[in-house]
Amino acid sequence: MPTGNALTEERRHKREKWREGGDEPYPHGFPGRVSLASVRAEVAGREPGSELAGTLRRVAGRVLTIRQHGKTAFVPLRDQSGELQLFLRVDDLGEAGYQRTLDTLDPGDLVGAEGVPVVTRRGEPSLRACSVKLLAKALRPPPEKWHGLVDTEARLRQRYVDLLSSPEVLRSFEGRSALLAEMRRLLSAEGFLEVETPVLGRVASGGLAHPFVTHYRFLEEDFRLRVALELPLKRLLVGGFEKVFEIGKVFRNEDLDADHSPEFTMMELYWAYADYGDVRGLVERLTQALARAAAPYLPKEEAEQRVRDFTPPYATVDYVERLEKESGISGIVELPRERLLELARGVGAKVYASMSHGAALDKLFGHYVESRFERPTFVLDYPLETTPLAKRHRSKPGRVERFELFYRGIELGNAYTELNDPDDQEARFREQLPPPSGPGGADAQEETYAYDEDFVEALRYGMPPAGGLGMGVDRLVMAMLGLSSIKDAILFLPTRARPTGPSIEGPGRGDAGGAGP
RNA sequence: GGGCCUGUAGCUCAGUCGGUAGAGCAGGCGGCUCUUAACCGCAAGGUCCAGGGUUCGAAUCCCUGCAGGCCCGCCA
């Protein structure tokens, strides 16, 4: 049976034969089921050919393949815990039951079985089944059994197929969950309270980005999806929260590539009466804990390497000193804006006429320095103009108290001693505002922190001195689990609409009961 | 935005010099009572991404489009 549609029909046909035999192909449950790994553990280390006589176990999982040898068959199953094969025999199931089971099952089906834990003569832990039930008939065949799904586009469009056919992908996302749990555990242990703030807002501020715009019908107004969590959380400091954090999606209407996704997860925290030095210590504790939490999801050597890498203290470098060293230009910060723009243009950076001194400097920093850090490294004390929400440095003029953490060439986090002077904040926002028109206006707008008037008003009521931190959770997951693309760290990513429908079965090739509208 | 590459069976991939389509897995039929990428035999399965062009003849060469990947630039 050749085409996808014919394969589907063949499976429907088997399903109906099963139903005609008096069994429901989609039953309501399978009570008393234990994990495949637990059965495997029960017989681990026993002699080949032995069995746990008198013990009955019920298991469930997805059929991986069916190896039939006349009057016996082996049917490996997989559940989230691992794999275990069913051992089917005519002697146990009866002639009719055996035949009917094998006539019904296909790779990809979900089945439940009851039987005796055994070790086969070849030493494979198995369940010698006395009963096999269909729990859900799969109408689509799984991808090819030893490559799985490899086409990146298909993996993203149908992540469920990727997951069901590639246990290492599922494992990796289990690792993500473990890291998130550890992050919450540690922050909670440090006394931080988790809060939730709005995704939709009148202004998308707190970060540099193109916002997504949507329409709020109740308010009859266009709103934007947040690009950062910062400003609502700082309002909470004004209100009296002293240690808060939020883990949530932020949205930046920009490109998807190996380390950027338009919809990504950010963790931000704010800590009253602390400064960026305190936050640095916290970042060390947090990343160290995460590296340890990642260990069960990594090969032994990689896990050890990760734990070694994230053993504090981490290296620290001064932004200006390092930029001067790497660029070979001493006194680079004192150069006039025009000269910096020239230099930035010279290294291939995107520049525009109205770009600020600090922005130009940051382009050069990005080119000469940023991707160089392999081990965890804190870069300290950024130029004032790059960072309108951070407090001026207590001893370095023209700079702010800010650090970023780099690992393997990517930025993992960003922290400040938070600016809490309302008048300074207002002035800094105003400096950011681009000229209303003229060359570079549109581009400049892209790289400007939106002015949030109400936030300045909040500061006028008094915000305690505070340290703040933002970390890209997806990138942390990549760093800890050793993933090279953010696509492997986020379960569902956007893909372009297909003119001809979904990849496996589109309109025209589809069957009547199939894919959606 | 720039460059390179890819699109062939449900999946993973071949396809030479331009001569009209191949394998493995999955599926069908048959065989096999300890396999584990099971094995053996038989038969079947194609919108070669789409459109146009060159040509006696195009999966193959050219153009355009669509979708995707990787690298660079840039935002976390």
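Every value quoted in this text rests on a predicted model; they were computed, and no experiment measured them. (Residues numbered from 1 in each chain as written. Chains lettered and ligands numbered in written order. Predicted model: local features only at pLDDT ≥ 70, side-chain atom pairs only at ≥ 80, totals over all residues. Heavy atoms only, no water.)

### Observations regarding the nonpolar core
Line of reasoning, step 1. In this structure, Met183, Met267, Leu412 and Met471 are the most contacted members of the largest nonpolar core, which totals 49 residues.
Line of reasoning, step 2. Among the elements that line this core, the one with the most residues is helix H9 (residues 276-294), at 10 residues.
Line of reasoning, step 3. Not counting residues up to four positions away in its chain, the partners in contact with Leu412 are Phe310, Leu405, Tyr407, Gly470, Met471, Gly472, Arg475, Leu476 and Ala479.
Line of reasoning, step 4. With 46 residues, the next largest nonpolar core counts Tyr319, Tyr416, Tyr449 and Leu459 among its residues. (Core = buried A, V, L, I, M, F, W, Y, C linked by side-chain atoms within 4.5 Å. Buried < 20%, exposed > 50% of the residue type's maximum accessible area, 1.4 Å probe, protein only. Helix = DSSP H or I, 4+ residues; strand = E, 2+ residues; numbered from the N terminus. Contact = heavy atoms within 4.5 Å.)

### Brief notes about the sheet that holds strand S12 (residues 263-272)
Line of reasoning, step 1. A sheet is described by the order of its strands in space; here eight strands give the open sequence S7-S11-S12-S17-S16-S15-S14-S13, paired in mixed fashion. Strands with a single pairing partner mark the edges of an open sheet, and in this sheet they are strand S7 (193-194) and strand S13 (315-318).
Line of reasoning, step 2. Where strand S14 (residues 377-380) lies against strand S15 (residues 402-407), four bridges are found, and the strand directions are antiparallel. What sits directly across from Thr377, in S15, is Phe406. (Pairing = 2+ DSSP bridges.)

### Side note on the confidence of the model for chain A
Line of reasoning, step 1. Across chain A, the average pLDDT comes to 88, with 92% of residues at 70 or higher.
Line of reasoning, step 2. Per-element confidence in chain A ranges from a low mean pLDDT of 43 for helix H15 (residues 441-446) to a high of 98 for S7.
Line of reasoning, step 3. For residues 435-447, every residue scores under 50 in pLDDT, and the model assigns this stretch 17 contacts once sequence neighbours within four places are set aside.
Line of reasoning, step 4. Reported confidences for the modelled complex are a pTM of 0.91 and an ipTM of 0.89. (pLDDT = per-residue confidence, 0-100.)

### Thoughts on helix H12 (residues 337-346)
Line of reasoning, step 1. Here H12 has its buried residues at Leu340, Leu341, Leu343 and Ala344. Take H12 and look down its axis: the buried residues cluster within an arc of 165°, on one side only.
Line of reasoning, step 2. In the core, the buried residues of H12 are packed alongside helix H13 (357-368).
Line of reasoning, step 3. In the segment just after H12, Gly348 is the residue with positive phi, at about 85°. (Arc of directions from axis to C-beta.)

### Some details on helix H14 (residues 422-432)
Line of reasoning, step 1. Listed as buried for H14 are Pro422, Asp424, Gln425, Arg428, Phe429 and Gln432. Mapping the buried residues of H14 onto a view down its axis gives an arc of 160°, with all of them on the same face. For H14, the exposed residues set more than 90 degrees away from the buried face come down to Asp423 and Glu431.
Line of reasoning, step 2. Looking at the buried side of H14, the elements it contacts are helix H16 (453-460).

### Brief notes about the domain arrangement of chain A
Line of reasoning, step 1. According to the domain assignment, chain A consists of domain 1 (4-142) and domain 2 (162-314 + 375-488).
Line of reasoning, step 2. If you average the C-alpha positions of domain 1 and of domain 2, the two centres end up 48 Å apart.
Line of reasoning, step 3. In this complex, domain 1 contributes four residues to the contact, which on the side of domain 2 involves five residues.
Line of reasoning, step 4. Between domain 1 and domain 2, roughly 400 Å² of surface is buried when both sides are summed, and carbon and sulfur atoms account for 55% of that area. (Domains from an automatic or database assignment. Buried area = accessible area lost by both parts, 1.4 Å probe.)

### A closer look at the packing of aromatic side chains
Line of reasoning, step 1. Enumeration over the complete set of coordinates arrives at 13 aromatic pairs.
Line of reasoning, step 2. Ring centres of Phe378 and Phe403 lie 5.0 Å apart, and the angle between their planes is 80°; this geometry places the pair in the edge-to-face category. Here Phe378, found in strand S14, pairs with Phe403, found in strand S15; they are 25 residues apart in sequence, far enough to count as distant. Here Phe378 and Phe403 have matching classes, each one buried.
Line of reasoning, step 3. Grouped by ring-pair contacts, the aromatic residues Tyr276, Phe310, Tyr314, Phe378, Phe403 and Tyr407 constitute a single cluster.
Line of reasoning, step 4. Stacked on the ring of Phe30, the Lys or Arg Arg58 has its end atom at 4.1 Å from the ring centre.
Line of reasoning, step 5. Sitting over the face of the ring of Tyr382, Arg402 holds its NZ or CZ atom 4.3 Å from the ring centroid. (Phe/Tyr/Trp six-rings, centres within 6.5 Å; stacked < 30°, edge-to-face > 60°. Lys NZ or Arg CZ within 6 Å of the ring centre and 35° of its normal.)

### Looking at the environment of Pro336
Line of reasoning, step 1. Here Pro336 is to be found in the loop between helix H11 (319-327) and H12.
Line of reasoning, step 2. For Pro336, a relative accessible area of 48% puts it in the partly exposed group.
Line of reasoning, step 3. C-alpha of Pro336 to C-alpha of Asp79: the two residues are 257 residues apart in sequence and 63 Å apart in space.

### Looking at the pattern of salt bridges
Line of reasoning, step 1. For the structure shown, the criterion picks out 56 salt bridges.
Line of reasoning, step 2. Notably, a salt bridge pairs Glu42 with Arg57, separated by 2.8 Å at the nearest N-O pair. Linking Glu42 in helix H2 (residues 36-43) with Arg57 in strand S1 (residues 57-63), this pair joins segments that are 15 residues apart in sequence.
Line of reasoning, step 3. Note on Glu42: relative accessible area 27%, which makes it partly exposed.
Line of reasoning, step 4. Its relative accessible area of 27% is what places Arg57 among the partly exposed residues.
Line of reasoning, step 5. A salt bridge links Glu338 to Arg337; its shortest N-O distance comes to 3.7 Å.
Line of reasoning, step 6. For Glu338, a relative accessible area of 48% puts it in the partly exposed group.
Line of reasoning, step 7. Given the relative accessible area of 28%, Arg337 is considered partly exposed.
Line of reasoning, step 8. Each of Arg11, Lys14, Asp106, Asp109 and Lys137 takes part in one network of salt bridges that share partners. (Salt bridge = Lys/Arg side-chain N within 4 Å of Asp/Glu carboxyl O.)

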